[in-house]
Structures are given as C-alpha cells and as structure tokens.
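Fold and geometry: a report
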Amino acid sequence: MLKLEPRAQPSKLMSLASPVLALVLTAIIAAMLFAALGKDPVKGLTMFFVEPWSNQRQISELLLKATPLIVIALGLAVCYRSNVWNIGAEGQYLLGILGGGGVALWLTTQGIVLPKVVAVPLVLLGGVLGGMAWASITALLRDKFNASEILVSLMLVYVAQQLVNYMVFGPWKDPAGFGFPQTKNFDASTWLPSLLGGTRLHIGFIVALGLVALIWVFMFRIYRGFQLQVGGLAPAAARYAGFSASTSLWTALMISGGLAGLAGGMEAIGTIRQITPHVSAGLGFTAIIVCFVGRLHPVGIVFAGMLLSMMIIGGELGQSRLGLPNALTGVFQGLLLVLLLACDTLIHYRIRLRSALSPAH
Amino acid sequence: MDQIALLIAATLASGTPLAIAGLGLLINEKAGVLNLGAEGMMLVAAIAGFAAAFTTGSHTVAFVAGAAAGAALAACFGGLVIWLNTNQYATGLAVSLFGYGFSAFVGVGYVGQKLADRTPFEVPGLSQIPFVGPALFKQHPMVYIAIVMIAATVWFLYRSRAGLVLRAVGESPESAHALGYKVRWIRLLAVVAGGALCGVAGAFLSVVYAPLWVEGLVAGRGWIALALTTFATWRPVRVLLGAYLFGGVTMAQFALQGAGVNFSSQLLAMLPYVATIVVLAIISRNPTWIRINMPASLGKPFHPGS
C-alpha cells in the first residue's frame, strides 16, 4: 500500500522536476492517443516536440506565439501569488485588442500618420488601459461587493467576446469589407516593428523579456511585491502587519489586467493588424497553464510560454500534415495542467510503501 | 397570450440544465468541495450524451452516458483534490480546460449531425388546458424530473441521516472524522454525485435543448451554475428559482429581438452573463450573510491524522 508522507520542507528539486515529469507523462499519453487514431506515434510526437524547432521560420513563429502567453502569464503569476484568482485574462486580453486596435483604427480612419515611435506606444497604451479597465470591474466588485473574483472575471470573458462581436459587426465594421465582420486594416505606421526580417516575429518578444525582468524585480526586490505575496501566503499575517488587502487586490488585478491588455495591443498591431470576431484563440486560458507550468516564476514562465507555444504550433502542423484534429492541442494542454497538479503533490509529500505492520490510520 | 405561454415554456427549458447542474454543485459544496470543473464536466457529458443519442436514439441512454461521463471526470477531480491535496481552484480550472479540449476533440465528427426527430412530450390532460398547458405541461420529462430532484435533495439534506453526515463533513470535517465518519470517501461520493448531475445537465443541453453539438456548446452555463449556488445561499429550492430566473433572462433576449426591439443582438447576448455578475454582486454584498450560509470548510482541504 502506498502512503503519502508529508515532507518537513517543500522540495525545491521536485518543484522543478514536476513540470518535466508532467510533460513526459503527457507525451506518453499523446503517443497512445496517436496510436489509437491510427497515426505513427513517433511521427506525431516529432510533430509536436521537434518540428517546431526545426528551422528559423518555425522558431520565429514559436517565439511569436509565446510572446502574448508570456506577457499574460507574468501578470497572472502576480495575481496567483497574491491569492487573487483572476481567471478572466482572456477577457482582459480581448479588451486590450479593442483598446489598442481601437486607437490604431482611429488613427487609420482619421488618416493621421504618426511616426512609429509615437504611434506604437500610443496603441499599446490603449491596450493596457483597455485591459486595466476590464480588470477594474472585477477588482471593484471583489473589493466593494465581496463578489467572487473567479466568477466575475470568468463571466466578463463572455461579455468581452460579445463586445468584440458587437464592435466588428457594428460601429467598427469596414464599410468596404464586402459585409465581412471585420475592421479596416490598420495603417502601416501603427504596426509593431519587425524583429527579424522575413519573419512575422516582432519586437513584442523583446518587450516580453524586458517585462520578465521587471516582474522579477517587483516580486523579489520591491516591498509592495513582498506585501502582495505575504497576503497570498498568510492573509492573517498580512493583516497583522497592516498590509491592506484591498490595495493588494487592486495592485494584482491592475498589473495582470494591464499586462493582458498589453498582450492584446501587441497582438492587434503585431500579427492580425485588424480586428475580427476570431481575434483570440483562447490565449488567455492557455496563459493560465503557462503560469502554473512556469511555477509562478518569471523565468519559468519564459520556458513554459515557449513549451505551450510549441504545442500550439505542433497542433497546427499535425492538422496540416497528418490530418489530426486541431482540438488535440487543447486536450494536451488540459492534460498537461491536470498531470502537473498531480505531480506537484511530490513537492509537499514523499511516497512511502506502507508496511503491513505500521499502525493504520 | 400564446407568446407569453411560449416564453414561460422556453424559460423552464433553459432553466432546467442550470437547475440540475446547480443542484449537483450544491451537493459538492455542502460536503466542502468547490469544483470549478463544472463547465468541463458539462461539455464532456454533452458530447457523450449527444453521441449516445445519435447512436441509439434513446434519451435515457443519452442521460446515462452524460451522467457517467460527468461522474468519471468528477472522480478524477475528487481523487486529485481529496487524496493528493491539490489546490481546488487550480484543479477545477484544469478540469474545465481539459473538458473543453477533450469534448472538442471527441466531437469533431458530430458537428452538423442531427438527432432523430421525436414526438414532443405532453402531460396527458393537463397539456390541453389553454395557456397553462402550453406554458407548463409540454416539456421534456427531464424538466419535471429536475423539480423532483430538487425536492428529493431538500429531503435528503435536511431530513435524512446521510444528509446530516454530508453537511457535517462540509461544516466541520474534523468533528465528522472524530465521530468515525470517513470524510474523504464521503467527499468523493458527493463529488461524483455532483459530477453525475452536471453530466445530466450537459446531456440535456446537447440532446434536448440545442439539440446539436458544437465546440463549447455549454457556453458558460457551468460557471453560471457555480454562481447559482452562491445566489441560492446553498439552499436547493433557491437554486431552482435562480435557475428559472436565469433561464428567463436568456430567453428575454430572444423575446426582445422577436418583439422588434432595435438593439444589437451581440449586446443582448451579454445579458445572462451581465445578470450573473450583477446578482452575484448584490447577493455577496453582505459578507456576514454569506459566511453564515456557506459551508464552513468550503474549499479547504482535509488531511486526517495530521
């Protein structure tokens, strides 16, 4: 009989080994699933784990897709460390697309051509404010009305999606778009500068890495960051120390809303350059997985962001080359998180064989 | 008048899955477990139910398949949070994300498929009464079963010994453990029962309410059902009333559109979600009231012997 025995101290090693173990288990289940679908498991796994790294074009796509995941997950890490359960980053990201895209669209329709150094920051500011505004609804209702931030932030995702639909079917619809629900293409002066000629990779990736450093400093070197984490780990201690729970709540939600909004703004002028009803592919939810796989740590999030981005690209390759259903990516992502949480048990417990002679509980 | 009767009928139909899922989650939460995986369980159950109805043509088989799918996923969730002490929020969220992906994956072949037509169910005699008949007595049997289930749960929770034990486990697992009750097994049972009910609700959506399968068919109803337990301050009858209220709000958008109200359909589609947020905020506003009614150990793990 196996028995879980609490460790005296959480294991640092297991904290890092657990995501690797979860990934290996996911790969094993994936291989079985490929076999069940009548595909060659080796080919399938190569598609998901090797192909995305095979050439410069694929790697640039991988980094491109990792960018919003990393940026959103950084904000979520601040939230989860403060025990603020913002699971509606998807909605904040969509509002970032509306905020940033709205500025870009306004500049475009007004025929205002600003230099890139002015236009791009202006658009991104619009994105950040959009995301923050959306997160502030959750913060306000939690703070003043005691409403669960989990449910409010999640409900707001559905509202945000309808808001995007409303804008592209209504006020922002391109009159010359043959009736398609989409906005005009943004003017080239608002586009995010490219990072690598000949690829779609834009400077957003550098911005993301800069933010990793900033969030690291905030979490581990700034007093406010420390206060937030005390509030998350030991609310009673935080109250006793006089740290305001309300300030922590607002700080955490403004940071994560702002970052999700920034990610949306960058996506709006970095890749799609117009707004359509399908601007998001659930990146805000994938970012939650990135955040946990990255151990709520800025540096871990970079690796996790690339891993989940790899799975998205692998899924697309699997669809186009092996005829696998695209939904497979979602299965693997969900599976990875479930397995990760299970493996995380090893951080706090060790598994022991219970001998028949030991006293039973 | 006919319009109003149809609106009432539609409200009952759209409130029923919320009521059944809300009831399942209420049983979970009465035992102290918060399952954020409701949306995922309902999605997997919806496709399981749809596939079963598509193959066999039987609604009964579809509901059984849905319940089994919901219960299976709930058992995984229960195993993780009850025995491995994983974080309940994160694990529930993981189940929801997995359920979304898995149902989309399994359901690929069922998109656009139609179920065989069935003669609509009518309560003999009563359905012939003008106005009341079409409003209340021409529903799928599950609509009435849901009401019976609510009544049965009231009896179970407040009048039976097993219900008392379940509530004790949710209020004070330490005391229940000290009295010799197997807290973890009781919690698992509650979680599995809750999952089965969420599964029935999911199958109702894909087999009776929609009736079709598309990716993400449940469209947030799992989360609304979660909010319902709070609105209802963990009372079964209020879950039913809340569910009908939300069913009514969902239907109101179609009624408004039908009445020729010149308002964007996208903005009207926000209505159920906005209503959920507003009601949640109003109900939660008094922290003391919530604290009195909420099962005291809700969301808190229990480790016997430590």
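Every chain is numbered on its own, with residues counted from 1 as its sequence reads. In the order they appear in the text, chains get letters beginning with A and ligands get numbers beginning with 1. The predicted nature of this model means local features are confined to residues of pLDDT at least 70 and side-chain atom pairs, given and counted, to a pLDDT of 80 or more, with totals for whole chains, interfaces and linings taken over all residues.

Turning to the overall build of chain B, a few remarks are in order. A helix here means a DSSP run of H or I that spans at least four residues, while a strand means a run of E at least two residues long, and both kinds are numbered starting from the N terminus. On a plain count of helices and strands, chain B comes out with 14 helices and 0 strands. Listing every helix and strand of chain B by position from the N terminus yields α-α-α-α-α-α-α-α-α-α-α-α-α-α. Each radius of gyration is computed over the set of C-alpha atoms, and the globule rule expresses the reference value as 2.2 Å times the number of residues to the power 0.38. For 306 residues, the compact-globule formula gives about 19 Å, and the C-alpha radius of gyration of chain B, at 19 Å, lands near that figure. Projected onto the principal axes, the alpha-carbon positions of chain B cover approximately 60 × 45 × 40 Å.

Let us now look at the overall build of chain A. Within chain A one finds 14 helices and 2 strands. Scaling as 2.2 N^0.38, a compact globule of 361 residues should have a C-alpha radius of gyration of about 21 Å, and chain A matches this with 22 Å. Reported as C-alpha extents along the three principal axes, the dimensions of chain A are approximately 80 × 60 × 35 Å. Within the span of chain A, comprising 361 residues, buried residues form 53% of the whole. Within chain A, counting contacts between residues at least 6 apart in sequence, those at least 24 apart form 79% of the total. A residue is called partly exposed when the number of other C-beta atoms within 10 Å of its own lies between 12 and 20, exposed at 12 or fewer, and buried at 20 or more, with C-beta atoms placed from the backbone. Contacts are defined on C-beta atoms placed from the backbone: any two residues whose C-beta positions lie within 7 Å are in contact.

To continue, consider the packing of helix 5 (residues 116-145) of chain A against helix 6 (residues 149-169) of chain A. Residue and element names in this part refer to chain A. Running from N to C, helix 5 and helix 6 point in directions that differ by 150°, and their axes come no closer than 9 Å. Seen from above, helix 5 lies across helix 6 with right-handed handedness. Where helix 5 abuts helix 6, its residues Trp134, Ile137, Thr138, Leu141 and Arg142 lie against Glu149, Val152, Ser153, Leu156 and Ala160. Gly is placed with the polar residues, together with every amino acid not listed as nonpolar (Ala, Val, Leu, Ile, Met, Phe, Trp, Tyr, Cys and Pro) or charged (Asp, Glu, Lys and Arg). The residue inventory of the contact of helix 5 with helix 6, partitioned by class, reads 6 nonpolar, 2 polar and 2 charged. Note on geometry: axes are lines fitted to C-alpha atoms, helical ones only across the stretch in contact, with angles between N-to-C directions running from 0 to 180 degrees. Helix crossings get a hand from a simple test, with the near helix turned counterclockwise from the far one by less than a right angle marking a left-handed crossing and a clockwise turn marking a right-handed one.

The subject of this paragraph is the interface of chain B and chain A. Accessible area lost upon the coming together of the parts is a frequently used measure of interface size. Between chain B and chain A, the contact holds 43 residues from the first and 39 residues from the second. Going through the elements one at a time, helix 4 (88-107), helix 10 (221-231), helix 12 (265-269), helix 13 (271-284) and helix 14 (287-293) of chain B are the ones with two or more residues in the side of chain B that touches chain A. Here the side of chain B that touches chain A gets 13 residues from one element, more than from any other, and that element is helix 4 of chain B. Residues that form the side of chain B that touches chain A fall into these classes: 29 nonpolar, 13 polar and 1 charged.

Right, let's get into helix 11 (residues 236-258) of chain B. Residue and element names in this part refer to chain B. A helix is expected to span 1.5 Å multiplied by its residue count minus one. With 23 residues, helix 11 extends 33 Å from end C-alpha to end C-alpha; this agrees with the ideal 33 Å at 1.5 Å per step. At Met251, helix 11 shows its largest bend, some 25°. All of the buried residues in helix 11 are Pro236, Val239, Leu240, Gly242, Ala243, Phe246, Gly247, Val249, Thr250 and Met251. Buried-residue contacts for helix 11 involve helix 1 (2-30), helix 6 (141-159), helix 10 and helix 13. Two axes define the bend at a residue: one fitted to the seven residues ending there, one fitted to the seven starting there, and the bend is the angle between them.

We now examine the nonpolar core. Note on definitions: a nonpolar core is a set of buried residues drawn from Ala, Val, Leu, Ile, Met, Phe, Trp, Tyr and Cys, linked by C-beta atoms within 7 Å. In terms of nonpolar packing, the biggest core is built from 219 residues, with Ile72(A), Ala73(A), Cys291(A) and Ala46(B) touching the most fellow members. Residue contributions to this core peak at 18 residues, all from helix 9 (residues 183-209) of chain B.

Moving on, we get to the environment of Thr250(B). Position of Thr250(B) among the secondary structure elements: in helix 11. Non-local contacts of Thr250(B), meaning those with residues more than four positions away in its chain, are made with Ser14(B) and Pro272(B).

Residue and element names in this part refer to chain A. For strand 1 (residues 2-6), the tally of buried residues reaches only 0 of 5 residues, placing the bulk of the element at the surface. At least two DSSP bridges between two strands are needed for those strands to be called paired. With 5 bridges connecting them, strand 1 and strand 2 (residues 349-353) associate as antiparallel partners. Note that in strand 2 the partner of Leu4 across the bridge is Ile351.

Its identity as a non-glycine residue notwithstanding, Phe178(A) has a phi of 55°, on the positive side. In this fold, Phe178(A) is placed in the loop between helix 6 and helix 7 (204-221).

All names here are of chain A. With respect to the helices and strands, the residue Leu76 is situated in helix 3 (residues 56-81). C-beta crowding within 10 Å serves as the criterion here: with 28 such atoms nearby, Leu76 is assigned to the buried category. Remark: the alpha-carbon pair of Leu76 and Gly305, spanning 229 residues in sequence, is separated by 13 Å. In this structure, Leu76 is in contact with Asn86, Ala89, Ser256, Ala287, Ile288 and Cys291, ignoring residues within four places of it in sequence.

Residues and elements named next belong to chain B. Here helix 13 spans 20 Å end to end across 14 residues, near enough to the 20 Å set by a 1.5 Å rise per residue. The complete set of buried residues in helix 13 reads Pro272, Tyr273, Thr276, Ile277, Leu280, Ile283 and Ser284. In a view along the axis of helix 13, the buried residues occupy a sector of 140°, so they form one face of it. Think of it as the arc spanned by the lines of direction from the helix axis to the C-beta atoms.

Attention now goes to the packing of helix 11 of chain B against helix 13 of chain B. All names here are of chain B. Two elements in contact, helix 11 and helix 13, have axes separated by 8 Å at closest approach and are oriented at 145°. Between helix 11 and helix 13 lies a crossing whose hand is right-handed. Residues Phe246, Val249, Thr250, Ala252 and Gln253 of helix 11 lie in contact with helix 13, whose contacting residues are Leu271, Pro272 and Ala275. Here the contact of helix 11 with helix 13 is composed, by residue class, of 6 nonpolar, 2 polar and no charged.

Below, the discussion takes up the confidence of the model for chain B. Summarising the model, chain B shows a mean pLDDT of 92, and 99% of its residues fall at 70 or more. Both scores are given for the predicted complex: the pTM is 0.94, the ipTM 0.93. Confidence scores here are pLDDT values: one per residue, from the predictor, ranging 0 to 100.

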